[in-house]
Amino acid sequence: MTQQFESWGRFPRVSQTVKTIRWRHEILPLDNKSNILPYGLGRSYGDVCLNDNGLLLHTRQLNRFISFDEDTGLLRCEAGVSFAEILQHFVPRGWFLPTTPGTKYVTVGGAIANDVHGKNHHRAGTFGQHITQFELVTSDGQRHICSPQNKTEYYNATIGGLGLTGLITWAEFHLRPIHHRAIHQQMVKFANLEDFFQLSAESDEKYEYTMAWVDCLAQGDNVGRGIFFRGNHVAKDQVKELIPNWQPPLVQKLPEVLRTMPINLPSFALNSLTVKAFNFLLYHKQRIPIIEEFVDYEPFFYPLDSILEWKRLYGTNGFLQYQFVVPYEDHQVIRKILQTIAKSGLSSFLAVLKTFGELESPGLLSFPRKGVTLALDFPIKGEKTFLLLEQLDDMVQEAGGAVYPCKDARLSPRHFKAYYPQWEEFAQYTDSRFSSSFWRRVTRNVT
Amino acid sequence: MQKVLIFGATSAIAQATAKYFAHDGCHLFLVGRDTDKLQMVADDLRVHGAEQVDYVVQDLNEFSKHDLLIEQAEQDMQGIDAVLIAHGTLDSQQECQDNYAATEQTLRNNFLSIVSLLTPLANYFEQQRHGCIAVISSVAGDRGRQSNYIYGAAKGGLSVFLQGLRNRLAASHVCVLTVKPGLVDTPMTRDFKKGALWSTPEQVGRGIYQAMKKRKNEVYLPSFWWVIMKIIKSIPESIFKRLKL
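From N to C terminus, chain A includes 14 helices and 19 strands. The globule rule puts the C-alpha radius of gyration for 447 residues at 22 Å, and the 21 Å found for chain A is close to it. Along the longest, intermediate and shortest principal axes, the C-alpha atoms of chain A span 60 × 60 × 45 Å. Burial statistics for chain A: of 447 residues in total, 59% are counted as buried. Look at the contacts in chain A between residues 6 or more apart in sequence, and 76% of them connect residues 24 or more apart. Charge separation in chain A, taken as the distance between the mean sites of 47 positive and 46 negative side-chain charges, equals 6 Å.

Structure, rendered in structure tokens:
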């Protein structure tokens with residue numbers, strides 16, 4: 001069965017054969033020739049979840065919980081379980097994920113393979129750091145239980161290993177206790193990059209979750225203006241203020257069909273004017289310097305999840321995400337990059353800025369490292385979009401930074417190898433029958 | 001519904017439905033053929049909040065074991081409030097046409113084994129005067145088509161049987177629910193080409209749970225299949241017989 005399985009950015013389009021795995025004790029459905037790649041919910045943006053002309057192993061039916069310890073919060077579950085399913089079940093019981101990316105529609109396996117991070121990176125590090133053990137099935141039929149103590153080299157290679165070391169069938173990690181589903185949030189308006197860095201430095205100590213939205217079309221003195229979000233889980237003594245009147249947001253209760261972006265917008269819908277207007281309004285909507293409020297965890301962590309299939313905003317051409325990290329000391333790189341984007345006239349609908357903390361992931365190929373990270377998205381407007389991003393690649397490389405594979409669809413082998421000099425060490429642990437469009441692209445030999 | 005008995009508990013649709021009952025804190029009794037799979041499903045349902053999960057490995061083709069099985073479930077849970085019958089097979093139409101033994105097996109798997117289970121169960125519920133019996137039939141039973149009329153005949157027979165049973169048990173306040181799923185992406189249909197009409201076991205499972213809660217009589221899942229089957233059933237036989245369906 002050949003079927004179109006997309007990544008979230010809908011670029012590139014590839015053709016692949018899809019096989020489904022439904023039980024964790026099944027053997028891998030390998031054939032004699034094709035290589036294989038596990039696929040979860042397809043929320044990575046580029047081609048790390050695609051396998052052109054190969055097999056794609058659909059893992060979503062591995063969606064069973066295995067055990068949960070009410071005392072310690074230790075959860076063991078199959079790798080196709082989604083964060084949404086974990087939250088739906090455990091938030092009412094007073095537990096939350098150790099860290100979460102900006103969408104809850106990711107699988108546990110995908111979260112490990114991309115070693116995802118969240119707004120609490122400065123406190124909690126990456127998701128992979130919380131994994132106490134997992135099972136890895138390799139193409140020779142062997143099952144390896146990997147942990148920081150056991151088969152460490154496979155543990156390290158698989159975290160952030162982009163699904164290339166084998167199939168993760170189940171994983172185990174601690175959930176963290178919470179007192180209430182709400183978040184105590186502050187939204188702080190800031191006028192430029194300097195203010196962002198100052199806010200970030202003072203917030204990281206007091207707030208578990210921090211990130212900022214940046215108006216990346218602002219120029220001149222306004223470069224880097226935006227809104228800083230910081231928040232904590234509601235404290236025990238705050239719960240009384242909220243209960244029993246707290247209602248999760250109404251949008252969650254709407255039927256799916258009303259929450260789904262129904263059609264692909266035409267590709268001209270997101271142009272520099274509409275994006276400029278959107279970013280202008282977003283910035284100026286907040287009239288006062290600081291808004292302090294309680295918000296539900298859903299809009300706090302997953303604002304975009306309230307519109308299902310929001311990728312359709314970008315039309316059928318798709319879009320490119322670009323996320324990089326550069327060392328913290330060098331504020332000027334971020335400024336230069338923002339200026340370059342503003343000048344190019346190519347617009348990023350949403351730009352998200354965050355500082356990463358010092359916690360280092362065990363993942364050999366992990367992206368997060370101490371520094372500042374900026375995430376951008378660009379509708380694909382032909383060659384000039386690709387040229388701009390290549391220009392940014394050079395600037396990131398010069399600053400000693402790296403670009404996030406999970407969001408990439410176009411990085412050159414030269415840049416990838418510069419960002420991840422450990423790639424050859426990592427390659428030793430990849431399974432000979434596992435591959436992806438991404439991996440073939442960034443490791444191909446260029447003459 | 002505190003005590004739920006599920007036949008064919010490792011089927012994708014049964015698993016998806018059972019999660020909702022587990023979430024409600026029900027006591028579940030599972031019947032399936034594969035110990036490993038039953039164990040995985042039971043673990044999952046426990047974490048999902050089931051008060052207790054028991055299971056028994058039994059091939060439902062052994063009709064002689066049915067009475068004992070139901071007795072055991074009734075004793076282990078100290079009663080049965082709801083039952084979901086979800087086992088079944090989709091055999092090759094061609095094989096059935098070539099070989100009566102295959103046809104008979106299809107009828108046994110998808111019709112007779114369920115009638116055999118429902119005979120003692122119906123008497124049990126009739127006496128108890130409350131409860132819910134949900135059975136997975138199929139849209140295939142709504143009209144015979146050349147591509148799968150043996151399976152369709154089994155499901156059609158089943159749907160009629162359930163209609164009669166519903167009529168009989170109405171006086172005892174027992175709900176009999178006929179579930180008619182359309183095309184669902186499960187192991188049963190792994191060799192089919194999937195398109196826009198296909199739904200997931202999760203969608204169907206949610207629909208079954210909700211229909212059982214609302215004590216419905218018959219439900220098409222997803223609901224648009226009601227429209228499709230309305231149209232298919234309305235085509236005059238003189239035309240229908242010439243269609244390649």
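Quick look at the pairing of strand 9 (residues 143-146) of chain A now. Residues and elements named next belong to chain A. What you see with strand 9 is a clean split: His144 and Cys146 sit on the buried side and Arg143 and Ile145 on the side with no burial. One ladder, built from four bridges, connects strand 8 (residues 131-137) with strand 9; its direction is antiparallel. Following the sheet pairing, Phe134 is matched in strand 9 by Cys146.

One open sheet holds the five strands; their spatial order is 5-6-10-8-9 (chain A), and the pairing between them is antiparallel. The open sheet has two edge strands with one neighbour each: strand 5 (65-68) and strand 9 of chain A. With strand direction ignored, the average angle separating the axes of adjacent strands in the sheet is 10°. Against the sheet, helix 1 (residues 83-90) of chain A contacts strand 5, strand 6 (74-78) and strand 10 (167-174) of chain A, and its axis sits at roughly 40° relative to strand 5 of chain A. Packing of helix 2 (residues 35-47) of chain B onto the sheet brings it into contact with strand 5 and strand 6 of chain A, and relative to strand 5 of chain A it is tilted by some 50°.

Bringing the packing of aromatic side chains into the picture now. Residue and element names in this part refer to chain A. Tallying each qualifying case throughout the model produces 36 aromatic pairs over all chains. Look at Trp310 and Phe319: their rings are 5.7 Å apart centre to centre, the planes differ by 40°, and that puts the pair in the tilted class. Classification of Trp310 by relative accessible area gives buried; the value is 6%. Between the aromatic rings of Phe426 and Trp439, the centroid separation amounts to 5.3 Å while the plane-to-plane angle is 80°, which identifies the pairing as edge-to-face. Pair noted here: Phe426 is in helix 13 (residues 423-427) and Trp439 is in helix 14 (residues 437-443), with a separation of 13 residues, a long-range link.

In this structure the tally under the stated criterion is 33 salt bridges over all chains. Of the charged contacts, one joins Arg93 of chain A and Glu70 of chain A as a salt bridge, the two residues approaching to 3.0 Å between their closest N and O atoms. Note that Arg93 of chain A is positioned in the loop between helix 1 and strand 7 (95-96) and Glu70 of chain A in the loop between strand 5 and strand 6, a separation of 23 residues in sequence. For Glu70 of chain A, a relative accessible area of 47% gives the class partly exposed. Between Arg143 of chain B and Glu237 of chain B there is a salt bridge; the shortest N-O distance is 2.5 Å. Here Arg143 of chain B is found in the loop between strand 5 (131-136) and helix 6 (149-169), whereas its partner Glu237 of chain B is found in helix 9 (residues 237-240), with 94 residues between them in sequence. In this structure Arg143 of chain B comes out as buried when scored by relative accessible area, which is 13%. Salt bridges here are not isolated pairs; linked through shared partners, they connect Glu6, Arg10, Arg13, Glu309 and Lys311 of chain A.

Before going further, it helps to spend a moment on the sheet that holds strand 13 (residues 209-214) of chain A. Residues and elements named next belong to chain A. Here eight strands make up an open sheet; going across it, the order is 15-12-14-13-17-18-16-19 and the pairing antiparallel. Each edge of the sheet is formed by a strand with only one pairing partner; in this case those strands are strand 15 (290-296) and strand 19 (402-403). Helix 5 (residues 193-206) contacts strand 12 (182-190), strand 13, strand 14 (226-233), strand 17 (351-356) and strand 18 (371-379) of the sheet and is inclined by roughly 0° relative to strand 14. The strands touched by helix 8 (residues 272-285) within the sheet are strand 12, strand 13 and strand 14, with strand 13 carrying the most contacts at an inclination of about 130°.

Turning our attention to the interface of chain B and chain A. In this complex, chain B contributes 20 residues to the contact, which on the side of chain A involves 16 residues. When chain B packs against chain A, the two sides together hide about 1700 Å² of surface, and 54% of this comes from carbon and sulfur. When the area that chain B buries against chain A is broken down by residue, the three leading residues are Lys37, Met40 and Val47 of chain B, summing to 35%. Seen at the junction of chain B and chain A, the total is one salt bridge. For Asp185 of chain B, the salt bridge identified is with Arg22 of chain A, shortest N-O distance 3.5 Å. The interface formed by chain B and chain A includes seven residue pairs in polar contact (both at pLDDT 80 or more). Taken together, the elements giving at least two residues each to the side of chain B that touches chain A come down to helix 1 (12-23), helix 2 and helix 7 (201-213) of chain B. With seven residues, the top contributor of residues to the side of chain B that touches chain A is helix 2 of chain B.

Residues and elements named next belong to chain B. Orientation of helix 1 relative to helix 7, taken along the N-to-C sense of each, is 50°, at an axis distance of 8 Å. The pairing of helix 1 with helix 7 is recorded here as oblique in orientation. Judged by the sense of rotation from one axis to the other, the crossing of helix 1 with helix 7 is right-handed. Where helix 1 approaches helix 7, its residues Ala12, Ile13, Ala16, Thr17, Tyr20 and Phe21 are matched on the opposing element by Pro201, Glu202, Val204, Gly205, Arg206, Ile208, Tyr209 and Met212. Considered class by class, the residues forming the contact of helix 1 with helix 7 number ten nonpolar, two polar and two charged.

Looking at chain B, pLDDT values average 96 and 100% of them are 70 or higher. Per the prediction output, this complex has pTM 0.94; the corresponding ipTM is 0.92.

So, how was this worked out
Residues numbered from 1 in each chain as written. Chains lettered and ligands numbered in written order. Predicted model: local features only at pLDDT ≥ 70, side-chain atom pairs only at ≥ 80, totals over all residues. Heavy atoms only, no water. Helix = DSSP H or I, 4+ residues; strand = E, 2+ residues; numbered from the N terminus. Rg over C-alpha atoms; globule rule 2.2 N^0.38 Å. Buried < 20%, exposed > 50% of the residue type's maximum accessible area, 1.4 Å probe, protein only. Contact = heavy atoms within 4.5 Å. Lys, Arg positive; Asp, Glu negative; His and termini not counted. Charge placed at Lys NZ, Arg CZ, Asp CG, Glu CD. Pairing = 2+ DSSP bridges. Axes fitted to C-alpha atoms, helices over the stretch in contact; angles between N-to-C directions. Phe/Tyr/Trp six-rings, centres within 6.5 Å; stacked < 30°, edge-to-face > 60°. Salt bridge = Lys/Arg side-chain N within 4 Å of Asp/Glu carboxyl O. Buried area = accessible area lost by both parts, 1.4 Å probe. Polar contact = N/O pair within 3.5 Å; in protein donor to acceptor, adjacent residues only side chain to side chain. Parallel < 35°, antiparallel > 145°, perpendicular 65-115°, else oblique. Left-handed = near helix turned anticlockwise from the far one by under 90°. Nonpolar A, V, L, I, M, F, W, Y, C, P; charged D, E, K, R; others polar. pLDDT = per-residue confidence, 0-100.

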